[in-house]
Amino acid sequence: MCGIIGYIGDKKIIPLLINGLKKLEYRGYDSAGICVRENQELRTIKSKGRISELESKKELNSLNPDLGIAHTRWATHGIPDEKNAHPHTDCKNQLAIVHNGIIENYSSLKKLLEKEGHEIKSETDSEIIAHLIEKFYKDDLEEALIKALKLTEGAYGLALISKNEKKILAARKGSPLVIGVGEKEMFLASDVPAILEHTKKVIYLHDNEIATLTKEGYQVKHMNGEYVNKEIHEIKYSVENLEKGNFKHFMLKEIFEQPQAIGNTLRGRIKNQLKLTLNLDLSSIKRIILTACGTSWHSALIGKHLIEKFTRIPAEVDYASEFRYRNPILTEDDLVVVISQSGETADTLAALREASARNAKTIGIVNVVGSTITREVNSGIYLHAGPETGVASTKAFTSQVLALLLLALYIRQEKGLALDKEILEEINLLPEKIQKTLEISDYVRTIAEKFKDSKNFLYFGRGINFPVALEGALKLKEISYIHAEGYPAAEMKHGPIALVDENMPCVFLATKSELSQKVLSNIEEVRARKGKIISVVNDRNSEYKNFSDFVIEVPETLEELSPIINSIPLQLLAYHIADLKGLDVDKPRNLAKSVTVE
Ligand code: AGP
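Residues numbered from 1 in each chain as written. Predicted model: local features only at pLDDT ≥ 70, side-chain atom pairs only at ≥ 80, totals over all residues. Heavy atoms only, no water.

(A) The arrangement of helix α1 (residues 13-24) in detail. The terminal C-alpha atoms of α1 lie 17 Å apart, and with 12 residues this matches the ideal 16 Å at 1.5 Å per residue to within 8%. Of all the positions in α1, only Ile13, Ile14, Leu16, Leu17, Ile18, Gly20, Leu21 and Leu24 are classed as buried. Structurally, α1 contributes buried residues whose contacts are with β1 (3-8), β2 (31-38), α2 (51-55), β4 (67-73) and β10 (186-189). (Helix = DSSP H or I, 4+ residues; strand = E, 2+ residues; numbered from the N terminus. Expected span 1.5 Å × (residues − 1). Buried < 20%, exposed > 50% of the residue type's maximum accessible area, 1.4 Å probe, protein only. Contact = heavy atoms within 4.5 Å.)

What follows is the structure, given as structure tokens:
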């Protein structure tokens, strides 16, 4: 949610900040802005809309600054327009801030500041921070920042500059910030991709830490004034991983990267035995609670099936946003598994903190290395799916499902129960089978052509494939803006069937399972009402073919692994529909990749 970049050094600052913002655009894209220090004055340039609109501003060309900060916004307070875009300055235009997060007590602070004569120009909560710092700023910028932040409630990742000082200050509570270490230059960003082309050496700022960046180096202090010795991490992936290559969109590239992503999630973890370095005693676990948001919540639903099947330990799934506020009953015999691609989702992080405070054991299933969740869990499983840039999650989802399967089998192994050789063999075949599945992309596009103008879609699945139906519907909603719903197939006759007529496309997940025959009956019921049937099958001889308008054949696998394969045609269907409609697939309206606000 919102992207921040800052730079101090000798490189050309404007293109560096603009390019950095472009790499962060997935975090928010309704307005953007830049503030630089030139001849000891601050120059701020903003625009509504995408970074490209900011980039086209002529005023940028004449600037020759010595440092700068920039921001791409996902609006929380105030409409997306130029006035509400960051950076925000104080009354005297002597300091500027960019902010990611929400200041919850901003309206009372605003009243206080207005009473004291400050002129607040925007409708944002963020501008308040600039004026609060102004209130305390005499000659020590860091002291003023600390005093200001102590009055705020809520979350921030922020950068601050002053016309009087050749430095960038940064502070973090709840919203991620990373410092990039260079030679006689320093970078600041809300995520690594923004600075990766310049440095692979990064420092992750933790909550309640304040950093000061100069050309020569950095120093980090805790809000209480104590210096903090920070570890420098080396980023393992390169800029090429962040490019679209020959693909039209990141989403399509990421769909096609799934054989490698799944291979990476598997690497070194499975032979005759499961090898997960969890360093956590799971022997006393009596209950497992899976919590997450959005697509990750769908993988949690699949995880529940897998955990209960393979471990016989009861598992529950909770939306992180609900879990954190419902006073959950937890003991040290509970294991809470938090699932998050970004590792920064505010609700998921809060759910994790709730679980830790109640002494439950915690495991994180996370993609982004070094993210906040990975630092706060007792133990974790990295997905290693590689950077996911498209706002709609694809490869992270299938990797999450695999990681949950590995976790379930690992717990089974730890309980001394036998592991079935067949499932281990099938897991190892997944990259190959996913590769094969991707061959249906062109065929799925022909289906997309037929249904791109539909107003509604229904998705049906049973058992472990019901969450796949939910995820298929979510993908379509997110990027094509077509209303779609997922249902357990048997629930259809309890209501949704009323919606079925000749204009209703119904996608059935009908791969082999104990309930295949029952799904077939549901298909017949839809057919009797003239609904259009698209079925995903893996049995060449199945009767589904006779009852479906379109049949998508995927490779056969075990039912427990079928959600991974079955998700792929649904990702492709959503992608092709959105692309045929000419929509901005990677940056769908109103969304952002990482939701670091409540
Ligand atoms: C996925 O397509 C979504 N954009 C969204 O639902 C996402 O899965 C959710 O916000 C959770 O994100 P996380 O996995 O990074 O925690």
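From this point, things continue past the structure.
(B) Focus on the sheet that holds strand β22 (residues 505-509). One open sheet holds the 5 strands; their spatial order is β21-β20-β22-β23-β24, and the pairing between them is parallel. Every other strand in the sheet has two partners, leaving β21 (483-488) and β24 (550-553) as the edge strands with one partner each. Taken pair by pair, the neighbouring strands of this sheet meet at an average axis angle of 20°, ignoring direction. Bridge count for strand β20 (residues 456-461) against β22 is 3 bridges, and the pairing is parallel. (Pairing = 2+ DSSP bridges. Axes fitted to C-alpha atoms, helices over the stretch in contact; angles between N-to-C directions.)

(C) A look at the sheet that holds strand β16 (residues 315-319). Strand order in the open sheet formed by 5 strands is β16-β15-β17-β18-β19, and the pairing between neighbours is parallel. Because the sheet does not close on itself, it has two edges, and the strands there are β16 and β19 (379-382). Between one strand axis and the next, the sheet turns through 20° on average, direction left out of account. Here strand β15 (residues 287-292) runs beside strand β17 (residues 334-340); their pairing, made up of 5 bridges, is parallel. If you follow Arg287 over to β17, its bridge partner there is Asp334. Against the sheet, helix α10 (residues 346-357) contacts β15, β17 and β18 (361-366), and its axis sits at roughly 165° relative to β17. Lying over the sheet, helix α12 (residues 395-414) contacts β15, β17, β18 and β19, oriented at roughly 160° with respect to β17.

(D) Looking closely at unusual backbone geometry. Between His86 and the following residue, Pro87, the backbone shows a cis peptide bond with an omega angle of 0°. Relative to the helices and strands, Pro87 is located in the loop between β4 and β5 (88-89). In this structure, Asn39 takes a positive phi of about 50° despite not being glycine. Residue position: Asn39 is located in the loop between β2 and β3 (41-48).

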